[in-house]
Amino acid sequence: MAPPGPVHEALAALPLVDHHCHGAVTADLSAGEFASLITEGAAWPGVSPFDSPVGVAVRRHCAPLLDLPRHAPAADYTARRAALGWQEVNRRFLTASGAEVFCVDTGYTPHPVTSPAELAAAAGAAACEVVRLEQLAEAVAARGVAAGAYAAAVRAAAEEAVRRPGVVAVKSIAAYRTGFALDPERPAAADVTRAAGRWLAAGGRLTDPVLVRHLLWTAVDLGLPLQLHTGFGDADVRLHRADPALLTDWLHRTAGTIPVLLLHCWPYHRQAAYLAAVFERVHLDVGLALHYTGPARCRAVLEEALEITPFRKLLYSSDAYGVAEFHHLGALCFRQGLADLLQDRVDADELSLADALRIAAWTGRDNARRLYGPPVSEPARDPSARPTRKV
C-alpha cells in the first residue's frame with residue numbers, strides 16, 4: 001500500500017458534515033440485538049451478520065476504538081461493547097467520526113435513539129434536523145382530520161415543523177411507499193381529497209400514490225432542500241421502483257425550485273450521477289453503501305459516482321442508524337476511499353493537488369454548507385471544546 005499523500009492528510013483532518021444520518025441507540029444491546037442492527041436484512045439462524053463485508057469492517061476498523069485488537073472475534077466485540085455501556089460506546093464512535101455537524105432524520109425510530117441534540121453532545125459537534133414528510137402526514141391523520149381538510153392540515157403541520165429551530169431540510173421515503181414511477185404532475189385538490197378519504201377510512205401507512213405526490217409537491221412549496229431515499233434499503237423497499245431515473249419527468253417539472261438530494265443511490269448511483277449532471281438542483285451521496293461495502297470496496301462506489309457527477313454535487317453522508325459504529329465507519333470509508341482515488345489522480349497528473357484538495361473539502365463539508373445554510377454553515381458550538389478524535 002502506498003504511503004498516505006497530502007490528500008489523505010487533508011481528508012483525515014477535515015471536519016465533515018454528515019448531511020443525512022439517524023440517532024444512535026440509547027440502550028445496551030445484546031449480541032443478537034447488535035447483530036440485527038448491522039444488517040439491512042435480518043440476523044438469520046446459523047448465518048452471522050459479522051460474516052459479511054460490513055461485519056468484517058466492524059471487527060477490523062471499530063474494534064480498536066473499543067480497546068480490542070483488529071479483527072477481534074464477534075463474541076469478544078459484543079462483550080466489550082456491553083461492558084463499556086452505550087453512553088461510552090456512542091461517545092467513542094461519534095467523536096471518532098470527525099463530523100462537525102450531523103443532519104439527523106428524526107422520522108425513523110423503531111428503537112429508542114438519541115435526539116439531534118443528544119447525538120451532537122456525545123460527539124462534541126453540532127446537529128440539525130431533517131423532517132420526514134410521511135411521518136408528518138400520518139401524525140395529521142392520527143389526530144383526526146376530515147378528507148376535505150387534509151391538504152390544508154398537512155401544509156400547516158409541515159410549515160410548523162420546518163419553523164422549528166435547527167430544521168434544515170425535509171425528506172420523503174416515496175421510494176418505499178410507492179416507488180418513483182409516479183405521475184409527475186401536481187395532483188388536483190379534488191384528487192387529494194378523494195385519496196385522503198380512501199386512506200383515512202382504511203387506515204394504515206400512507207401508501208396512496210396521489211398523497212405521496214402531494215407530499216413531494218408540498219416539499220416544493222416549502223422551499224427547503226428535499227432529501228429522497230433512493231436505491232439500497234431494507235426488505236421493505238422494492239428496489240426496481242427506487243431507481244432515481246424514474247423521477248426524471250418530475251425533476252423537469254420542478255427544475256429551478258428546490259435542491260433535491262438523492263440519498264444512498266447504490267446500485268443506481270450512476271443514474272443519480274446522470275441526474276446530477278443534467279439538472280441544476282439535483283445532488284447525491286452514496287451514504288449507506290460506503291459502510292456496507294467497507295473500506296475494501298467503497299472507493300469503487302465513489303469512483304463510479306464521480307464518473308460524471310460535477311464536484312459541487314456530491315455530498316457526504318453516513319446514513320448511520322442505531323449503532324454508532326456506522327457513524328464512524330461511514331466517515332472512515334468516505335475519507336479513505338475519496339483520498340485514495342483523488343491522490344491517484346494527482347499522482348497520474350490528471351488532477352492538480354489544489355483541485356484535489358478543493359474537491360475533498362467540497363464533498364466532505366462545503367457542498368452541504370452551501371445547500372443547507374445555517375446552522376450547517378455556522379455550527380453553534382465552541383470548536384475548542386471538541387474532544388480529540390482517535391484515529
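Scroll up to find the structure.
In this text, all values refer to a predicted model and were calculated from it rather than measured experimentally.

1. Concerning the nonpolar core
Counting 115 residues, the largest nonpolar core has Tyr77, Phe102, Tyr150, Leu226, Trp250, Leu262 and Leu342 as its most contacted members. At 10 residues, the largest contribution of residues to this core is made by helix α16 (residues 325-347). With residues near it in sequence (within four places) discarded, Leu342 still touches Val7, Leu351, Ala356, Ile359 and Ala360. Judged by nonpolar contacts, the second largest core, of 14 residues, contains Val17, Cys103, Val130 and Leu315.

2. Some points on the pattern of salt bridges
For the structure shown, the criterion picks out 24 salt bridges. Among the salt bridges present, the one from Arg132 reaches Asp105, with a minimum N-O distance of 2.7 Å. Pair noted here: Arg132 is in strand β3 (residues 126-132) and Asp105 is in strand β2 (residues 99-105), with a separation of 27 residues, a long-range link. Overall, Asp105 belongs to the buried group, its relative accessible area being 2%. Taking the shortest distance from any N to any O, the salt bridge between Arg177 and Glu138 comes out at 2.7 Å. Remark: Glu138 occurs in helix α7 (residues 133-143) and Arg177 occurs in helix α9 (residues 174-177); sequence separation between them is 39 residues. Put simply, Asp67, Arg80, Glu88, Arg91 and Arg92 are held in one network by salt bridges that share partners.

3. Overview of the pairing of strand β5 (residues 226-230)
The element β5 is extensively covered by neighbouring structure, given that five of its five residues are classed as buried. Taking every second residue as pointing to the same face, both faces of β5 are buried, with Leu226, Leu228 and Thr230 on one and Gln227 and His229 on the other. Bridging between strand β4 (residues 167-172) and β5 involves three bridges; their strand directions are parallel. Bridge pairing in β5 links Lys171 to Gln227. Where β5 and strand β6 (residues 260-264) come together, five bridges link them in parallel fashion. Looking at the pairing, Gln227 lines up with Leu261 of β6. One crossover worth recording links β5 to the parallel β6 by way of helix α12 (residues 248-254), and it is right-handed.

4. Regarding unusual backbone geometry
Cis geometry is adopted by the peptide bond preceding Pro267, which originates at Trp266 and carries an omega value of 5 degrees. In the Ramachandran plot, Leu288 falls in the positive-phi region, its phi being about 75 degrees despite a non-glycine side chain. Looking at the secondary structure, you find Leu288 in the loop between β7 (282-284) and α14 (289-293). Overall, the relative accessible area of 3% leaves Leu288 in the buried class.

About the cut-offs
- Residues numbered from 1 in each chain as written.
- Predicted model: local features only at pLDDT ≥ 70, side-chain atom pairs only at ≥ 80, totals over all residues.
- Heavy atoms only, no water.
- Core = buried A, V, L, I, M, F, W, Y, C linked by side-chain atoms within 4.5 Å.
- Buried < 20%, exposed > 50% of the residue type's maximum accessible area, 1.4 Å probe, protein only.
- Helix = DSSP H or I, 4+ residues; strand = E, 2+ residues; numbered from the N terminus.
- Contact = heavy atoms within 4.5 Å.
- Salt bridge = Lys/Arg side-chain N within 4 Å of Asp/Glu carboxyl O.
- Pairing = 2+ DSSP bridges.
- Right-handed = clockwise from strand over helix to strand, strands pointing away.

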